[in-house]
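Residue-level structural notes
As a plain string of letters, each chain reads:
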Amino acid sequence: MVKAAREDGKVVAITAAMPEGTGLSEFSRRFPDRFFDVGIAEQHAVEFASGLALGGFKPVCAIYSTFLQRAYDQLYHDVCLMDIPLVFALDRAGIVPDDGPTHQGINDIVYLSRLPNMIIMAPKDENELQHMVRSALSYPHPTAVRFPKGKAMGVQLDESLKILPLGKSEVLKEGEHLFLSLGSMTYPAMGAAEILEKEGISLAVVNARFAKPLDEDMILKYAGSGRVVFTAEEGVVPGGFGSSVREFLDNSGLMNVRFKQIGLPLEIYPVGKVDQIKKKYRLDTNGLAEQVRDFFSKEKREKALGMEETC
């Protein structure tokens, strides 16, 4: 945000009583006239950001993922219907440690993907996050950038910010079957693919970057005959990122493509550490590898059973 504000005097930041939690403390010190804390009033934060955007500013509205739900009416009627180009920085997207059920940001992909004109991005690491913030400020539509609470990956940060092509993914590893990962699931997916490669299961790992719009050309490239499409997201499975991929495949006439959506069940989550919860739901590296193995093992059993019945 500081880099973006240095480049463009129209960039402003808005938060709802969470300047430290959303990482805007440094921005508020360097640009006090361009920082607005509206208190615990998410609806007003969104409405205020809309007005600033219509006035020619470039607002970044930083709100915890789970608390943006409070402003869903404003998101739909006053942002998306008018296609106002402003940015939502959704901190604590996905599994949240220690704060309990109220803070789990596991539903944002579901409720945002059903809004017209909304773009949804998720970075694999902190370097990609800074490029996504800069990119979101350049897109002519409302854009949400969702990122988790936790330690950064430790990758080197590029000095200059770049604009990512809208709706385009990143191929990290070539392979036979497709492992399409979103955001924080990308590094675990890479780790799982490396484990499975030694076992004879070849996975192409693609960092989706966008939950909406989908990189349809890339999906079609890998969704061929005899291949499997796996999706992984740190969000609920029903109506999530993988559901959008499945809908796209069906609408493209590829209803028979073998497919598995990996994510979280729709339930209330306990208080715990991120690693503990991910391990419980098999979203860590070993858990992802297990789920892919289970899929192919189930296919083999069903195929064998079918052959026995035929005989």
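Our subject is the structure listed above.
Residues numbered from 1 in each chain as written. Predicted model: local features only at pLDDT ≥ 70, side-chain atom pairs only at ≥ 80, totals over all residues. Heavy atoms only, no water.

1. Notes on the pairing of strand β1 (residues 11-15)
Most of β1 sits out of view: 5 of its 5 residues are buried. Going residue by residue along β1, you find Val11, Ala13 and Thr15 tucked away on one face and Val12 and Ile14 tucked away on the opposite face as well. Two strands pair when backbone bridges link them, and β1 and strand β3 (residues 58-64) are joined in this way by 5 bridges, in the parallel orientation. Its bridge partner lying in β3, Ile14 is registered against Cys61. One ladder, built from 3 bridges, connects β1 with strand β2 (residues 35-37); its direction is parallel. Directly across from Thr15, in β2, lies its bridge partner Asp37. Traced from β1 through helix α2 (residues 25-30) to β2, the parallel crossover comes out right-handed. (Buried < 20%, exposed > 50% of the residue type's maximum accessible area, 1.4 Å probe, protein only. Helix = DSSP H or I, 4+ residues; strand = E, 2+ residues; numbered from the N terminus. Pairing = 2+ DSSP bridges. Right-handed = clockwise from strand over helix to strand, strands pointing away.)

2. Focus: helix α7 (residues 186-197)
The terminal C-alpha atoms of α7, which comprises 12 residues, lie 16 Å apart, in line with the 16 Å expected from a rise of 1.5 Å per residue. Every buried residue of α7 is accounted for by Thr186, Pro188, Ala189, Met190, Gly191, Ala192, Ala193 and Leu196. (Expected span 1.5 Å × (residues − 1).)

3. Comments concerning a nonpolar patch on the surface
Residues Leu54, Tyr76, Leu81 and Met82 make up a contiguous nonpolar surface patch of about 410 Å² in total accessible area. Topologically, Leu54 is positioned in helix α3 (residues 42-54). Given the relative accessible area of 62%, Leu54 is considered exposed. (Patch = residues over 30% accessible without salt bridge, like charges linked within 9 Å, V, L, I, M, F, W, Y side chains within 5 Å. Areas by Shrake-Rupley, 256 points an atom, 1.4 Å probe, with all protein chains shown as cover. Salt bridge = Lys/Arg side-chain N within 4 Å of Asp/Glu carboxyl O.)

4. Concerning the nonpolar core
Formed by 47 residues in total, the largest nonpolar core has its most connected members in Leu68, Phe88, Leu112, Met118, Leu180, Phe241 and Val245. Tallying contributions element by element places α3 first for this core, with 5 residues. Other than its neighbours up to four places away in sequence, Met118 contacts Leu75, Cys80, Phe88, Leu112, Pro142, Thr143, Ala144 and Lys212. One finds Ile106, Phe179, Ile201 and Ile277 within the second-largest nonpolar core, a separate group that totals 28 residues. (Core = buried A, V, L, I, M, F, W, Y, C linked by side-chain atoms within 4.5 Å. Contact = heavy atoms within 4.5 Å.)

5. A look at the pattern of salt bridges
The tally for this structure, following the rule as stated, stands at 23 salt bridges. Linked by salt bridges that have partners in common, Lys124, Glu128, Glu170 and Arg209 make up one network.

6. Overview of unusual backbone geometry
Cis rather than trans, the peptide bond between Lys212 and Pro213 has omega equal to 0 degrees. Phi at Ala17 is positive, roughly 70 degrees, even though this residue is not glycine. The residue Ala17 is located in the loop between β1 and α2 in this model. Judged by relative accessible area, Ala17 falls into the partly exposed class, the value being 28%. The backbone of Asp83 sits at a positive phi, close to 55 degrees, despite the residue not being glycine. Counting through the fold element by element, Asp83 comes out in the loop between α4 (72-80) and β4 (87-91).

7. A closer look at the packing of aromatic side chains
A full pass over the atoms with the stated rule returns 10 aromatic pairs. Here the aromatic rings of Tyr139 and Phe210 are separated by 6.4 Å at their centres, their planes lie at 45 degrees, and the arrangement is tilted. Taken together, the residues Tyr139 in the loop between α6 (126-138) and β6 (143-146) and Phe210 in strand β10 (residues 210-212) connect sequence positions 71 residues apart. Every member of this aromatic cluster is reached through a ring pair, and the members are Phe179, Phe230, Phe295 and Phe296. It is Lys10 that lies over the ring of Phe57; its NZ or CZ is 4.9 Å from the centre. If you follow Lys280 out to its NZ or CZ, it ends over the ring of Tyr281, 5.4 Å from the centre. (Phe/Tyr/Trp six-rings, centres within 6.5 Å; stacked < 30°, edge-to-face > 60°. Lys NZ or Arg CZ within 6 Å of the ring centre and 35° of its normal.)

8. Considering the sheet that holds strand β8 (residues 177-181)
Read from one edge to the other, the open sheet built from 5 strands follows the order β7-β9-β8-β11-β12, with strand pairing classed as mixed. Because the sheet does not close on itself, it has two edges, and the strands there are β7 (170-173) and β12 (258-264). Recorded for the sheet is a direction-independent mean angle of 25 degrees between the axes of neighbouring strands. Sheet topology places strand β11 (residues 228-236) next to β12; 6 bridges connect them, and they run parallel. Residue pairing across strands places Thr231 opposite Gln261, the latter belonging to β12. In this fold α7 packs onto β7, β8 and β9 (203-207), with an angle of close to 170 degrees to the strand it touches most, β9. (Axes fitted to C-alpha atoms, helices over the stretch in contact; angles between N-to-C directions.)

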